[in-house]
Amino acid sequence: MTEHQIIAILREAAAGIPIKELCRKYGMGNSTFYKWRDKYGDMETSDINT
């Protein structure tokens, strides 16, 4: 997944969609979600270098 996609997924979680549902929807494990949240949690898409 791209960084933009990861941040979009994290925003969905912040909006209240259960993590379990997001993991199923995007085909990832819970540990992947939490690693992404640790790395990208405070970022906005405008923070990503293209």
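Conventions and cut-offs
- Within every chain, residues take consecutive numbers counted from 1 along the sequence as written.
- Under the rules for a predicted model, residues below a pLDDT of 70 receive no local features and side-chain atom pairs below 80 are neither given nor counted, while totals for whole chains, interfaces and linings still include all residues.
- Only hydrogens and water are set aside; all other atoms, that is, all heavy atoms of the structure, feed into the side-chain values.
- Only rings of Phe, Tyr and Trp enter the pairing, Trp through its six-membered ring, and a pair is recorded when the two centres are within 6.5 Å. The plane angle decides the type: under 30 degrees is stacked, over 60 is edge-to-face, the rest tilted.
- Here the term buried applies to any residue with accessible area under 20% of the maximum for its type, exposed to any over 50%, and partly exposed to those in between, with areas from a 1.4 Å probe on protein chains only.
- Among the buried residues, those of types Ala, Val, Leu, Ile, Met, Phe, Trp, Tyr and Cys that are joined through side-chain atoms within 4.5 Å form a nonpolar core.
- Contacts are assigned to residue pairs with any non-hydrogen atoms lying within 4.5 Å of each other.
- Counted as salt bridges are all cases of a side-chain nitrogen of Lys or Arg within 4 Å of a carboxyl oxygen of Asp or Glu.
- Secondary structure elements follow DSSP: runs of H or I no shorter than four residues count as helices, runs of E no shorter than two count as strands, and numbering proceeds from the N terminus.

Participant: When you look at the packing of aromatic side chains in this model, what are you seeing that I'm missing?
Facilitator: In this description, a pair of aromatic rings is defined by centroid distance and the angle of the planes. Applying the stated criterion across every chain yields a total of 1 aromatic pair. Taken together, a centroid distance of 5.4 Å and an interplanar angle of 85° make the contact between Phe33 and Tyr34 edge-to-face. We classify Tyr34 as partly exposed; its relative accessible area is 35%.

Participant: Which parts of the structure should I look at to understand the nonpolar core?
Facilitator: Across soluble globular proteins, nonpolar side chains have a tendency to be buried as a group. Counting residues in each nonpolar core, the largest one holds 11 residues, listed as Ile6, Ile7, Ile9, Leu10, Ala13, Leu22, Cys23, Met28, Phe33, Trp36 and Tyr40. Once you skip the residues sitting within four places of it in the chain, Leu22 turns out to touch Ile9, Glu12, Ala13, Ile17 and Met28.

Participant: So what exactly am I meant to see when it comes to the pattern of salt bridges here?
Facilitator: Close approach of charged atoms allows side chains of opposite charge to pair. Scanning the entire structure with this criterion turns up 1 salt bridge. Across the salt bridge formed by Glu12 and Lys25, the nearest N and O atoms sit 3.4 Å from each other. Of this pair, Glu12 sits in helix H1 (residues 3–14) while Lys25 sits in helix H2 (residues 19–26); the two residues are 13 residues apart in sequence, bridging distant segments of the chain.

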